[in-house]
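Coordinates in review
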Amino acid sequence: MPSGQKRSLKSFLKYISYVIMIALSVEVVYLIQQNLSLRSQLAMFNSGGNFGTLASGDIVQNLNVRTISGEDSVVSYADNGKKYLLFVLSPACPYCKETLSLWSIIRNNIDSNDCSILGVSTFPLEPTKSFLREYPVDFNLVIGIDSTFQETYKVNSVPMTILINNGGVVEGVWIGKLTAPQVDSIMTAV
């Protein structure tokens, strides 16, 4: 190989190695920024206290909600002998959409005289209305407007199904996409 070609090949390889180094450096900077962003989000989440998980025996306070028609209301757990089943969801959650049909099965197999069923969206009114246009539900859906709703009810992830008795005492919590055995256990618990 003539020396001119060797020099040209050497220059080309040197140029390619610089391009690769620059590309890798840009990627490293991007990953560092992404890491810092995730750490910041995690720190914000944990700064409000680790919510933990709602468990049987926990006591929850009344729930301030906004109806789909825009009216503010309070859900209190004061009806003697009645239980309350909350379906907590996020319109952006694909697992919530998959759980809707199972929640409907529960809703259709529970006597409304024994148990009051209520869906609670973690999103504001307009995105929730939009969600309902695409995914109609056969239970009342409200928006949890109390600023402490997610902390008080320890909503770290959705979907979440919560069974509460008439004293505000949690009897059961099912987190995540429901399975058939969980549906059976919820209907048995009610």
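Reading the values: the criteria
- Residues numbered from 1 in each chain as written.
- Predicted model: local features only at pLDDT ≥ 70, side-chain atom pairs only at ≥ 80, totals over all residues.
- Heavy atoms only, no water.
- Core = buried A, V, L, I, M, F, W, Y, C linked by side-chain atoms within 4.5 Å.
- Buried < 20%, exposed > 50% of the residue type's maximum accessible area, 1.4 Å probe, protein only.
- Helix = DSSP H or I, 4+ residues; strand = E, 2+ residues; numbered from the N terminus.
- Contact = heavy atoms within 4.5 Å.
- Pairing = 2+ DSSP bridges.
- Phe/Tyr/Trp six-rings, centres within 6.5 Å; stacked < 30°, edge-to-face > 60°.
- Axes fitted to C-alpha atoms, helices over the stretch in contact; angles between N-to-C directions.
- Salt bridge = Lys/Arg side-chain N within 4 Å of Asp/Glu carboxyl O.
- Expected span 1.5 Å × (residues − 1).
- Bend = angle between axes of the 7 residues up to and from the residue.
- pLDDT = per-residue confidence, 0-100.

**Quick notes on the nonpolar core**
In summary, soluble globular proteins display a tendency toward joint burial of nonpolar side chains. By size, the foremost hydrophobic cluster in this structure holds 21 residues, and its most contacted members are Leu85, Phe87, Leu89, Trp103, Ile106, Ile117 and Leu178. Among the secondary structure elements, those contributing two or more residues to this core are strand 3 (83–89), helix 2 (94–108), strand 4 (115–121), helix 3 (125–134) and helix 5 (180–189). Top contributing element to this core by residue count: helix 2, with 5 residues. Residues contacting Leu89, with those up to four places away along its chain left out, are Cys96, Leu100, Trp103, Val120, Ser121, Thr122, Phe131, Leu141 and Val158. Within the second largest apolar cluster, 19 residues are counted, among which are Val75, Val120, Ile164 and Val170.

**Looking at the pairing of strand 7 (residues 170–175)**
Remark: a regular strand shows side chains that alternate across the two faces of the sheet. The pairing of strand 6 (residues 160–164) with strand 7 spans 5 bridges and is antiparallel. Bridge pairing links Leu163 to Gly172 in strand 7. Two successive antiparallel strands, strand 6 and strand 7, enclose a turn made up of 5 residues, where Gly168 displays a positive phi of approximately 80 degrees.

**Quick notes on the packing of aromatic side chains**
The tally for this structure, following the rule as stated, stands at 6 aromatic pairs. Seen in terms of ring centroids, Phe87 and Trp103 are 4.7 Å apart; in terms of plane orientation they differ by 10 degrees. Their pairing is stacked. With Phe87 in strand 3 and Trp103 in helix 2, this residue pair connects regions lying 16 residues apart in the sequence. With respect to class, Phe87 is no different from Trp103; both count as buried.

**Side note on the sheet that holds strand 6**
Reading across the sheet, the 7 strands line up as 2-1-5-4-3-6-7 and stay open at both edges, with mixed pairing between neighbours. Every other strand in the sheet has two partners, leaving strand 2 (72–75) and strand 7 as the edge strands with one partner each. Mean inter-strand twist for the sheet, computed between neighbouring axes without regard to direction, equals 35 degrees. In the sheet, strand 3 pairs with strand 4 via 7 bridges, with the strands oriented parallel. Across the sheet, residue Leu89 finds its bridge partner in strand 4, namely Ser121. Sheet contacts for helix 2: strand 3, strand 4 and strand 6; angle to strand 3, the most-contacted strand, approximately 165 degrees. Against the sheet, helix 3 contacts strand 1 (63–66), strand 3, strand 4 and strand 5 (140–144), and its axis sits at roughly 155 degrees relative to strand 5.

**Notes on the pattern of salt bridges**
Using the criterion set out here, one finds 5 salt bridges in the structure. Of the charged contacts in the structure, one is a salt bridge between Lys154 and Asp58, with a shortest N-O distance of 3.6 Å. With Lys154 in the loop between helix 4 (149–152) and strand 6 and Asp58 in the loop between helix 1 (3–47) and strand 1, the pair connects residues that are 96 residues apart, well separated along the chain.

**Observations concerning helix 2**
Taking 1.5 Å of rise per residue, 15 residues should cover 21 Å, and helix 2 covers 22 Å from first to last C-alpha, within 8% of that figure. Bending of helix 2 peaks at approximately 35 degrees at the position of Leu100. Three or more residues of helix 2 are buried, namely Cys96, Thr99, Leu100, Leu102, Trp103, Ser104 and Ile106. Looking at the buried positions of helix 2, the neighbouring elements they touch are strand 3, helix 3, strand 6 and helix 5.

**Details of the confidence of the model for the chain**
Averaged over all residues, the pLDDT of the chain equals 87, while 90% of them reach at least 70. Ignoring residues within four places in sequence, the model shows residues 44–50, a span with pLDDT below 50, making 3 contacts including any to other chains.

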